[in-house]
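Tertiary structure, described
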Amino acid sequence: EAQVTQNPRYLITVTGKKLTVTCSQNMNHEYMSWYRQDPGLGLRQIYYSMNVEVTDKGDVPEGYKVSRKEKRNFPLILESPSPNQTSLYFCASSLSAGGYEQYFGPGTRLTVT
Amino acid sequence: AQKITQTQPGMFVQEKEAVTLDCTYDTSDPSYGLFWYKQPSSGEMIFLIYQGSYDQQNATEGRYSLNFQKARKSANLVISASQLGDSAMYFCAMVGGSNYKLTFGKGTLLTVNP
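Residues numbered from 1 in each chain as written. Chains lettered and ligands numbered in written order. Predicted model: local features only at pLDDT ≥ 70, side-chain atom pairs only at ≥ 80, totals over all residues. Heavy atoms only, no water.

Here the focus is the pairing of strand 5 (residues 32–39) of chain B. All names here are of chain B. Strand 5 sits mainly inside the fold: 8 of its 8 residues count as buried. Going residue by residue along strand 5, you find Tyr-32, Leu-34, Trp-36 and Lys-38 tucked away on one face and Gly-33, Phe-35, Tyr-37 and Gln-39 tucked away on the opposite face as well. Of the strand pairs in this sheet, strand 5 and strand 10 (residues 88–96) are connected by 8 bridges, and their pairing is antiparallel. In the strand pairing of strand 10, Tyr-32 is matched with Gly-96. (Buried < 20%, exposed > 50% of the residue type's maximum accessible area, 1.4 Å probe, protein only. Helix = DSSP H or I, 4+ residues; strand = E, 2+ residues; numbered from the N terminus. Pairing = 2+ DSSP bridges.)

Structure below.
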């Protein structure tokens, strides 16, 4: 089944404790990206990747890191999480950049206390 | 910088009626793409429809159509014959042709009444 998987689905952590949210797709997509969704703000893009080893900042990259060492995986790293990073996070992939629909993962609800 | 504006935080429609959800955009890119996504209360993001900036005709997908008015920079979603299952949050989004960033609007919460 074609899908984007994210882990964990739910995470409660404390300020400053490094964490990684994994994202994997099995559709051989080139384009992958991370979003955060906050009430009243819609989805905001954190980082995106056009292909392996190519990443670029979205609209809200501060406090986040990403890497794209393999085509299928695009982990999101929070080196020192803070409470303002409490949010719902979505990973998505598409065949390529531009006019292709994004396939979204199920979301990761992160709470930083 | 590109921007998406959805001015309707919430909309109500009677079952079986048509409804239009507004979306305006701003970009300096001559080439861009416009999307609509649906997010039901269960949380998943569902792709509905896509319109390219050079497409001559308005996109349609079943009961969904995109009313694309390039000069006015608007990309409204029209849902015909609303169903109870259409109750959800709807997001308009765009991707730029030069930087491939994807920008979403803040969404419109649609409620379909029986």
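A few words on the sheet that holds strand 1 (residues 4–7) of chain A. All names here are of chain A. Pairing within the open sheet is antiparallel, and its 4 strands lie in the order 1-3-8-7. Whereas interior strands pair on both sides, the edge strands pair on one side only; in this sheet they are strand 1 and strand 7 (65–66). Looking at chain direction, strand 1 and strand 3 (residues 19–25) are connected through 4 bridges and run antiparallel. Residue Thr-5 lies in a different strand from strand 3, and its bridge partner there is Ser-24.

Across all of its chains, the model carries 2 disulfides over all chains by this definition. Between the sulfur of Cys-23 of chain A and that of Cys-91 of chain A lies a disulfide, 1.8 Å long from S to S. Here the disulfide of Cys-23 of chain A and Cys-91 of chain A is left-handed, its torsion about the S-S bond being about -70°. Taken together, the residues Cys-23 of chain A in strand 3 and Cys-91 of chain A in strand 9 (residues 87–94) connect sequence positions 68 residues apart. Residue pairing for Cys-23 of chain B: its cysteine sulfur links by disulfide to Cys-92 of chain B, the two sulfurs lying 2.0 Å apart. Note on the Cys-23 of chain B and Cys-92 of chain B pair: the S-S dihedral is about -60°, so by sign convention the disulfide is left-handed. Here Cys-23 of chain B is found in the loop between strand 3 (19–21) and strand 4 (24–26), whereas its partner Cys-92 of chain B is found in strand 10, with 69 residues between them in sequence. On the accessibility criterion, Cys-92 of chain B (0% relative accessible area) is buried. (Disulfide = S-S within 2.5 Å.)

A word on the interface of chain B and chain A. On the chain A side, the residues contacting the 17 residues of chain B number 21 residues. Taken over both partners, the interface formed by chain B and chain A buries close to 1600 Å², and the fraction arising from carbon and sulfur atoms is 60%. Three residues, Tyr-100, Lys-101 and Leu-102 of chain B, lead the burial of chain B against chain A; their summed loss comes to 33% of the area buried on that side. At the junction of chain B with chain A, the criterion picks out 1 salt bridge. For Lys-101 of chain B, the salt bridge identified is with Asp-59 of chain A, shortest N-O distance 2.8 Å. Taken together, the connections running from chain B to chain A amount to 5 residue pairs in polar contact (both at pLDDT 80 or more). Elements with a contribution of two residues or more to the side of chain B that touches chain A: strand 5, strand 6 (46–52), strand 10 and strand 11 (102–104) of chain B. The class makeup of the residues in the side of chain B that touches chain A is 10 nonpolar, 5 polar and 2 charged. (Contact = heavy atoms within 4.5 Å. Buried area = accessible area lost by both parts, 1.4 Å probe. Salt bridge = Lys/Arg side-chain N within 4 Å of Asp/Glu carboxyl O. Polar contact = N/O pair within 3.5 Å; in protein donor to acceptor, adjacent residues only side chain to side chain. Nonpolar A, V, L, I, M, F, W, Y, C, P; charged D, E, K, R; others polar.)

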